[in-house]
Amino acid sequence: MASDIPLNWFLYFAAASFSIGLVGVLVRRNAIAVLMAIEIMLNAANVNLVAFWRYYGNPPPGAGPLPGVILALFVITVAAAEVAVGIGMILLCYRRWHAADVDRYDSMSG
Amino acid sequence: MVQFLFLVIAALGLLTALGTVLARNLVHAALFLVAFFFTVACQFVLLEAEFLAALQVLVYIGAVAIILMFGIMLTRNIQGDDTTIVAAAWKIPALVAGLCVFGILVFGINNAVAPAGHSPWSELNVRPSIAADAGSSKATAVRREAVNNMARTVGNELMTRYVVGFEVAGLLLTVALVGAIALAHREEAEPAAPSRGEQPARLTSASPQPQAAGPSLVSSGASSPR
């Protein structure tokens, strides 16, 4: 396979996706939309990990053949657990406040 | 050719990410998010990590997006009422923050100092081949072998070198499963229906009562006036 994509391009794509996700976290008021934006950011980080794994060449001794892929796998695992718990907490808050907006959860504001 | 493919996929990915962030309708946002996950899977294929692409489709599109859909439907914020509209006072600072982060990341990518023995990132445009003898005529067969063996290699690595991380990830998934059920469980509800067993994809066999989720969804949706 003619591998002539520069590493830069993957990094730019990941950086742009991460920035879009960050804007989404800051801009959206709905808690589930905030969760979606966090997923975008995690995916951007995954693209970075796999790109660096692929372009690094031979991995250092003691790291095994697939260090970046394994790390991305763990990121996926943590993201899945985070979404499950996050949706549970959002549902709990929705039952109590009858709203899924992050700025309505102000019981502890002074 | 590969560059053109990458540009198309990256443009689609950025557009769908923007759609996820900007869509008023939350269901549309979730569908854009599914498209974004798929473009990321395509990026993984371009990076020759095919097993990870399959895993991305299975876990993200198959589990995470469905859980998000359930959350959207249970909170009944499908329509773009005023609660999902972007807060105007936060729009400009958030855009400034996002642009600043993007600028810093681009600056860092362009000016990264290479580690010893490596060329800097901005000049790294030839990938080392996964196959052992990429130049020969049987490189395709070797490449196919590498693709076929990737899942096996990942399994071997998880069971030998990264076994501690693997166990901790399993513990984390178990805790997340139990915690999600404990959070979503309603004490005053009918006792035969534990609320929702949302769980990550690889724990489906441990689901307590998947059939009991139906009436609970209906009851929680009907008993919460908006």
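Residues numbered from 1 in each chain as written. Chains lettered and ligands numbered in written order. Predicted model: local features only at pLDDT ≥ 70, side-chain atom pairs only at ≥ 80, totals over all residues.

A few words on the overall build of chain A. Helix and strand counts for chain A stand at three helices and zero strands. Going residue by residue from the N terminus, the α and β elements of chain A occur as α-α-α. Computed over the C-alpha atoms, the radius of gyration of chain A is 18 Å, more than 25% above the 13 Å expected from 2.2 N^0.38 for a compact globule of 110 residues. Counting only C-alpha atoms and orienting by the principal axes, one finds that chain A spans roughly 55 × 30 × 25 Å. Each of the 110 residues in chain A was classed as buried or not, and the buried ones make up 59%. Put simply, 49% of the contacts in chain A that link residues at least 6 apart link residues at least 24 apart. (Helix = DSSP H or I, 4+ residues; strand = E, 2+ residues; numbered from the N terminus. Rg over C-alpha atoms; globule rule 2.2 N^0.38 Å. Buried ≥ 20, exposed ≤ 12 C-beta atoms within 10 Å, placed from the backbone. Contact = placed C-beta atoms within 7 Å.)

Its 21 residues place the ends of helix α2 (residues 26-46) of chain B 30 Å apart at the C-alpha level, agreeing with the 30 Å of an ideal helix rising 1.5 Å per residue. A positive backbone phi angle near 60° is found at B:Glu48, which sits one or two residues after α2(B). (Expected span 1.5 Å × (residues − 1).)

The subject of this paragraph is the packing of helix α3 (residues 67-97) of chain A against helix α3 (residues 50-75) of chain B. Axis separation between α3(A) and α3(B) bottoms out at 10 Å; the angle between their running directions is 5°. In this view, α3(A) runs roughly parallel relative to α3(B), as classed from their interaxial angle. Residues A:Val69, A:Ala72, A:Leu73, A:Ile76, A:Ala79, A:Ala80, A:Val83, A:Ala84, A:Ile87, A:Ile90, A:Leu91 and A:Tyr94 of α3(A) lie in contact with α3(B), whose contacting residues are B:Leu52, B:Leu55, B:Val59, B:Ala63, B:Val64, B:Ile67, B:Leu68, B:Gly71, B:Leu74 and B:Thr75. Along the lines of polarity and charge, the residues of the contact of α3(A) with α3(B) split into 20 nonpolar, two polar and no charged. (Axes fitted to C-alpha atoms, helices over the stretch in contact; angles between N-to-C directions. Parallel < 35°, antiparallel > 145°, perpendicular 65-115°, else oblique. Nonpolar A, V, L, I, M, F, W, Y, C, P; charged D, E, K, R; others polar.)

Confidence in the prediction of chain A, expressed as mean pLDDT, is 86, and 94% of residues score 70 or more. Helix α1 (residues 7-27) of chain A holds the highest mean pLDDT among the elements of chain A, 92, whereas α3(A) holds the lowest, 90. (pLDDT = per-residue confidence, 0-100.)

Not every positive phi belongs to a glycine, and B:Glu48 is a case in point at roughly 60°. By the secondary structure assignment, B:Glu48 is in the loop between α2 and α3.

Facing the 78 residues of chain B at the interface are 69 residues of chain A. Sorting the residues of the side of chain B that touches chain A by element identifies α1 (2-22), α2, α3, α4 (88-110), α6 (150-160) and α7 (163-184) of chain B as the ones contributing at least two each. For the side of chain B that touches chain A, the residue count by class is 54 nonpolar, 17 polar and seven charged.

Before going further, it helps to examine the confidence of the model for chain B. Atom-level detail of predicted coordinates should not be read off regions where pLDDT is low. Residues and elements named next belong to chain B. Mean pLDDT over chain B stands at 76; residues scoring 70 or higher make up 64%. When the criterion is pLDDT under 50, residues 197-226 qualifies, and its contacts beyond four places in sequence or with other chains add up to 52 contacts. Across the interfaces of the predicted complex, the ipTM metric reaches 0.92, alongside a pTM of 0.80.

This next bit is on α6(B). Residues lying three or four places apart along an α-helix face the same way, a consequence of the helix completing one turn every 3.6 residues. All names here are of chain B. Among the residues making up α6, those that are buried are Met150, Val154 and Glu157. Looking down the long axis of α6, one finds its buried residues gathered within 65° of arc, a one-sided arrangement. Seen from the buried face of α6, the exposed residues on the opposite side, beyond 90 degrees, are Arg152, Gly155, Met159 and Thr160. (Arc of directions from axis to C-beta.)

Position of A:Ala37 relative to the elements: it lies in helix α2 (residues 31-55). Along the primary structure A:Ala37 and A:Val25 are separated by twelve residues, whereas in three dimensions their C-alpha atoms are 5.6 Å apart. Apart from residues lying up to four places away in sequence, A:Ala37 is in contact with A:Gly21, A:Gly24, A:Val25, A:Arg28 and B:Val21.

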